[in-house]
Amino acid sequence: MNFIETVAGQIAAHPDTPLVTEVHGQTLVPAEGRVLADLIGRARRFLRDRGVKPGDRVVLVAPNSIRWVAVDLAILFEGAVVVPLYARQDPRELGEITLHCKPALLVCVDAELAATLQGLHGDVPSAVFAELFAPEPVHDAPVARSERDPVTVVYTSGTSGVPKGVVLTVANVDYMLPQTRDALAAMMGPRDGADRVFHYLPFCFAGSRIVLWTCLFRGNGIHVSTDLENLVTELGRVDPHYFLNVPMLLERIKNGVDAQIRKRPVPVQWLYSRGHRAFVSMDGASRPRKRDRLVVALAKRVIYDKVRERIGPSLECLICGSAPLGEDTQRWFAMLGIPVYQVYGLTETTAIVTMDVPPRVVPGRVGPALEGVELRLMDGELQVRGPNVFAEYLFAPDETEKAFQDGWFRTGDQAEVDATGNWRIVGRVKNLLVPSSGHNVAPEPIEQKLVETLEGVDAAVLVGHGRPWLAAILSGNVDAHGLADAIQAVNEELPHYRRVRKWIVADEPFTPENGLLTANRKLKRAAIEAAYADRIDRLYA
């Protein structure tokens, strides 16, 4: 039985269980198994009537919702291939990707989005959600597939060039979902009842899709954010046990708490910082000092427990992917009693390569390889071989060939591994900066330190390739007061060739809407450097 058949069976077996719940502020809108099955059946009928056949590609452009999930599953149940795209992406990029993947149908959330894309996708027939859910439902079993059949084409985020369509197969997902199911069981431990899972990242990306499919594979519900501007309210309403994150959100939470503590009386500030230093000193120590234990215990009772309650009283852990999380941030959450488990992977590896395994969690590392996945370092680059590795890039045989070396997928990431097999991701090979001094500098660790240290900074981009020294572009609600001293404090821990000599404060935050971040909050370095090219040149003039 493949994962699609398993999900269909779980939906049928849970007619009264809310399997997908939309979160609208304080209001929850659930779709029980029978409701989800009805929506899937209606969309399947529509797809058949429109002539969609097994193996056809169907583009899905819509924000996360119950109906998004229903359309995704309807396409899968009909034997077709889902091509999910980010609804808030530049329409021209959406049009280019749609034309590239040659779909049988383009499905949009509403007529407004369809009209926006009109003329950008050639003669591709289109439909909107209202049409898909109008017909009477069908309730056939999912169409049979072989292991090698594609189930989805997920386009890469384009951080390092033109997005490529990653073809994932039945076999890829059949391997991954039992891995994530068992990992969650290890992270969460035994429980009476279902996990409360919250999700805010777009389902069109591989990691988010695996979260969704894992929940349905387990017969467990998922709560779906509908307003990224209202996350605090939504999280408070759901009170989840865990949810998937990107580093930027966790760093923003930490920096926000730090800013609030600076407004409190001096004794509170002292206890907060002294407790943090004591916790760091205790971390990994075989015999922690008694005074450190006492300080941490006092800070926990007076401050840390209250902070944890505000972040999420029922949180048992957080899961973080997309980019490496800084050691300080991961350790800070552990100090509050909220372990953060890191996951590393790429779209091409069905989202996951390594995953933290409690209790063997080391801040700054991303855990060991999944069972059955092989890793190696070749000239400093991490390479992967295993059942999670994708089949091909759609209509790009040359790009597919370049992505492999002797049967190993080339991740493009610099990495290192300790004696226990626990990996650390150092940075991207293509992001490596080589100043005129000739030193090789991975920008990511320095950028992480700047974000963790500088007040109000949400993102930092290091520049200086071929230049005499390094500079940084800083984004966020940056507090200029004390900025020079804070950067100097970071520099003191670095060798001379890795120090930040000058900096630019960005005119506006980096966001997906202005094209400087991907939808899952990764830096679009080329776009950022192009946007600030004149100011960068003036720094070095």
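Structure: see above.
In this report, the structure presented in the accompanying data block is examined. Owing to the predicted nature of the structure, the values given are computational and were not obtained by experimental measurement.

Describing the nonpolar core
No. 1: With 159 residues, the main nonpolar core has L73, I473 and F510 as its most contacted residues.
No. 2: The biggest single contributor to this core is helix α3 (residues 66-77), with 10 residues.
No. 3: If sequence neighbours within four positions are ignored, L73 has contacts with V7, I11, L36, I40 and L216.
No. 4: Formed by 19 residues, the second largest nonpolar core is a distinct cluster that contains V441, V457, A460 and V500.

Notes on the sheet that holds strand β23 (residues 500-505)
No. 1: Read across the sheet, three strands follow the order β21-β22-β23 without closing on themselves; strand pairing throughout is mixed. Lying at the two open borders of the sheet, with one neighbouring strand each, are β21 (457-463) and β23. The sheet shows a mean angle of 25° between the axes of neighbouring strands, direction not considered.
No. 2: Relative to strand β22 (residues 470-476), β21 is paired through six bridges, and the arrangement is antiparallel. Residue V463 lies in a different strand from β22, and its bridge partner there is A471.
No. 3: Against the sheet, helix α16 (residues 483-491) touches β22 and β23, its axis set at about 140° to β23.
No. 4: The sheet strands contacting helix α18 (residues 533-540) are β21, β22 and β23, and the helix crosses β23 at an angle near 145°.

Details of the environment of A334
No. 1: Relative to the assigned elements, A334 resides in helix α13 (residues 327-335).
No. 2: Accessibility expressed as a relative area gives 35% for A334, which makes it partly exposed.
No. 3: Once the C-alpha coordinates of A334 and K430 are considered, the two residues, 96 residues apart in sequence, prove to be 32 Å apart.

Considering α13
No. 1: Of the residues making up α13, those classed as buried are T329, Q330, R331, W332, F333 and M335.
No. 2: Of the residues flanking the end of α13, it is G337, one or two places downstream, whose phi is positive at about 90°.

Some remarks on the sheet that holds strand β9 (residues 197-199)
Strand-to-strand pairing in sheets goes through backbone hydrogen bonds, with the strands running parallel or antiparallel.
No. 1: Taken in spatial order, the eight strands of this open sheet run β2-β1-β10-β9-β11-β12-β13-β14, and their pairing is mixed. Every other strand in the sheet has two partners, leaving β2 (27-32) and β14 (354-355) as the edge strands with one partner each.
No. 2: Taken together, the three bridges between strand β12 (residues 318-320) and strand β13 (residues 340-344) define a ladder with parallel strand orientation. From the neighbouring strand, L318 faces β13, where its bridge partner is V340.
No. 3: Sheet strands in contact with helix α8 (residues 206-218) are β1 (18-24), β9, β10 (222-225) and β11 (242-245), and its direction is about 155° off that of β11.

Quick look at the pattern of salt bridges
No. 1: Taken as a whole, this structure holds 35 salt bridges when the rule is applied.
No. 2: The salt bridge involving R424 is made with E327; its shortest N-O contact spans 3.1 Å. Of this pair, R424 sits in strand β20 (residues 423-428) while E327 sits in helix α13; the two residues are 97 residues apart in sequence, bridging distant segments of the chain.
No. 3: Residue E327 is classed as partly exposed on the basis of its relative accessible area of 31%.

Concerning the side chain of D292
No. 1: Tracing the chain through its elements places D292 in helix α12 (residues 290-311).
No. 2: Excluding residues within four positions of it along the chain, D292 makes contact with R274, A278, S281 and M282.

Side note on the packing of aromatic side chains
No. 1: Taken as a whole and assessed by the stated rule, the structure comprises 13 aromatic pairs.
No. 2: Look at W68 and F203: their rings are 5.3 Å apart centre to centre, the planes differ by 45°, and that puts the pair in the tilted class. Placement of the pair is W68 in helix α3 and F203 in the loop between β9 and α8, with a sequence separation of 135 residues.
No. 3: In this structure W68 comes out as buried when scored by relative accessible area, which is 1%.
No. 4: Judged by centre distance (5.9 Å) and plane angle (90°), the rings of F198 and F243 are edge-to-face. Of this pair, F198 sits in strand β9 while F243 sits in strand β11, placing them 45 residues apart in sequence. Both residues of the pair, F198 and F243, count as buried.
No. 5: These aromatic residues form a ring-pair network of at least three members: F390, Y393, F404 and F409.
No. 6: When the ring centre of F395 is taken as reference, the NZ or CZ atom of K102 above it lies at 4.8 Å.
No. 7: Here K164 stacks its cationic end above the ring of Y393, 5.3 Å away from the centre of that ring.

With respect to helix α9 (residues 231-238)
No. 1: Taken together, the buried positions of α9 are L231, E234, L235 and V238. Looking straight down α9, one finds that the buried residues subtend no more than 95° of arc, so they occupy a single side. Turned more than 90 degrees off the buried face of α9, the exposed positions are V232 and G236.
No. 2: The inward-facing, buried residues of α9 contact β1, β2, β9, β10 and β11.
No. 3: Note on α9: the residue one or two positions beyond its end, D239, has a positive phi of about 50°.

Conventions we followed
Residues numbered from 1 in each chain as written. Predicted model: local features only at pLDDT ≥ 70, side-chain atom pairs only at ≥ 80, totals over all residues. Heavy atoms only, no water. Core = buried A, V, L, I, M, F, W, Y, C linked by side-chain atoms within 4.5 Å. Buried < 20%, exposed > 50% of the residue type's maximum accessible area, 1.4 Å probe, protein only. Helix = DSSP H or I, 4+ residues; strand = E, 2+ residues; numbered from the N terminus. Contact = heavy atoms within 4.5 Å. Pairing = 2+ DSSP bridges. Axes fitted to C-alpha atoms, helices over the stretch in contact; angles between N-to-C directions. Salt bridge = Lys/Arg side-chain N within 4 Å of Asp/Glu carboxyl O. Phe/Tyr/Trp six-rings, centres within 6.5 Å; stacked < 30°, edge-to-face > 60°. Lys NZ or Arg CZ within 6 Å of the ring centre and 35° of its normal. Arc of directions from axis to C-beta.

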